[in-house]
Amino acid sequence: MLPRGMIEVVSTPVLLLLGRGKDPESERGVDCPGDLPAPSDPGLVERARAAKEALGDRVFVLGHHYQRDEVIQFADVTGDSFKLAREAAARPGAEFIVFCGVHFMAESADILTSEAQKVVLPDLAAGCSMADMAVLAQVEKAWELLQDKGFADSTIPVTYMNSSADIKGFVGRNKGVVCTSSNAKRALEWAFSHAEKVLFLPDQHLGRNTAMLELGYSAQECVLYDPHKPNGGLTDEQLRGAKMILWRGHCSVHGRFTLECVNDARERVPGVNVLVHPECRHEVVTAADYVGSTEYIIKTIEAAQPGSAWAVGTELNLVRRLANAHPDKQIMFLDKTVCYCSTMNRIDLPHLVWALEELVAGRVPNQITVDPGTAHYARVALDQMLALP
Ligand code: SF4
């Protein structure tokens, strides 16, 4: 075990170049079949506008907060992944949902929308490295281990929204729940009212931060399951004493912020408020002044006093947008180096134009569908989240 406060982080998986090969085990690196317009085409904005107008109410464009400005300008609604999926479900009249986000988000939209609606991801290479860190076969193996050791009956699986439909389906089949970064505490309280242990997927940091900072569990009660090690790298004794069995996954964007970033920001700007997402490492969250979901970060900045200074630890597109929207406040990125979500950034204006023009032409590009069996159980886990007290 690492000493208290020290968190071990796995290295970021290598991203395949766009259009160069397939990785069947992953959401990443999938060939994109489009005949894309050149990024330098000066008519892209006009083409996107014209295609959207031609489609009218038949199309509804969702834009995740971490998307580029060039894409966000065409979003009918912006939000985090769950808000966007619900917005899509609230518009049954929209035949096409164009999801400017990543693959697991489009899957959730497909699960929550009607059969008649088609969900389109403008670039199939827009996966999520965190979602890729928990593959169904690995999770089933971990569950078998818990069954063999006699712990499965006293364990409830909880998965973060940022996971594949397969993982949400697994959780639904095993009487668990989905959570977001806004309701993780309530989801864990519900789970612990029904079981002694939680298997938390796939983000170790959200699980650990919520369990330790909001529910008062100790570092020793939060053990790390590594799918690449025999028995997850855990002894029977560690499993027996665990309340939280944390999957070894993390967000490659939020996992980059370090304690040094926090200390450096405080040195550079005395009195700065440090505001971070709970996907950040435990030592970063502990050192911050404010911690919360993307929506919480936006609301906190909106409510901040003019003249106040903020170092924000979340995706750079969002931080830049907040800085532009609030020139009366000093808003800076917590890290000194650039830190976009590389997969989110794969959705650019050429891909959006291509997807919209394909729809105008009567073709449905890059449709994301979840098989009915998986969708059924994923919906069970999502409904359980909506029913949380
Ligand atoms: S910001 Fe992190 S969790 Fe969100 S899509 Fe990118 S890699 Fe995944």
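Details of the structure are given in the entry above.
Residues numbered from 1 in each chain as written. Predicted model: local features only at pLDDT ≥ 70, side-chain atom pairs only at ≥ 80, totals over all residues. Heavy atoms only, no water.

Let's shift gears to helix α7 (residues 165-173). Given 3.6 residues to a turn, an α-helix orients residues that are three or four positions apart in the same direction. Most of α7 sits out of view: seven of its nine residues are buried. Among the residues of α7, those classed as buried are Ala165, Ile167, Lys168, Gly169, Phe170, Val171 and Gly172. Tucked into the core, α7 has its buried residues touching α4 (103-112), α6 (136-148), β5 (155-160), β6 (177-179), β7 (197-201) and α16 (372-386). After α7 finishes, the residue Lys175 shows a positive phi value of roughly 60 degrees. (Buried < 20%, exposed > 50% of the residue type's maximum accessible area, 1.4 Å probe, protein only. Helix = DSSP H or I, 4+ residues; strand = E, 2+ residues; numbered from the N terminus. Contact = heavy atoms within 4.5 Å.)

Take helix α8 (residues 184-192) next. Listed in full, the buried residues belonging to α8 are Ala184, Ala187, Leu188, Trp190, Ala191 and Phe192. Buried positions along α8 lie against β5, β6, β7, α9 (204-214), β9 (244-247) and α16.

Moving on, we come to the packing of helix α1 (residues 44-55) against helix α15 (residues 349-360). Across the interface, α1 lies against α15 with an axial gap of 9 Å and an inter-helix angle of 30 degrees. Crossing of α1 over α15 shows left-handed handedness. Across the interface between the two elements, Leu44, Val45, Arg47, Ala48, Ala51, Ala54 and Leu55 of α1 pack against Leu349, Pro350, Val353, Leu356, Glu357, Leu359 and Val360 of α15. The class makeup of the residues in the contact of α1 with α15 is twelve nonpolar, no polar and two charged. (Axes fitted to C-alpha atoms, helices over the stretch in contact; angles between N-to-C directions. Left-handed = near helix turned anticlockwise from the far one by under 90°. Nonpolar A, V, L, I, M, F, W, Y, C, P; charged D, E, K, R; others polar.)

Of note, Asn231 is a non-glycine position whose phi angle comes to about 55 degrees, a positive value. One can find Asn231 in the loop between β8 (222-225) and α10 (236-241). Phi at Asn366 is positive, roughly 45 degrees, even though this residue is not glycine. Its place among the elements puts Asn366 in the loop between α15 and α16. For Asn366, a relative accessible area of 8% puts it in the buried group.

Just distances and angles here, no functional claims.
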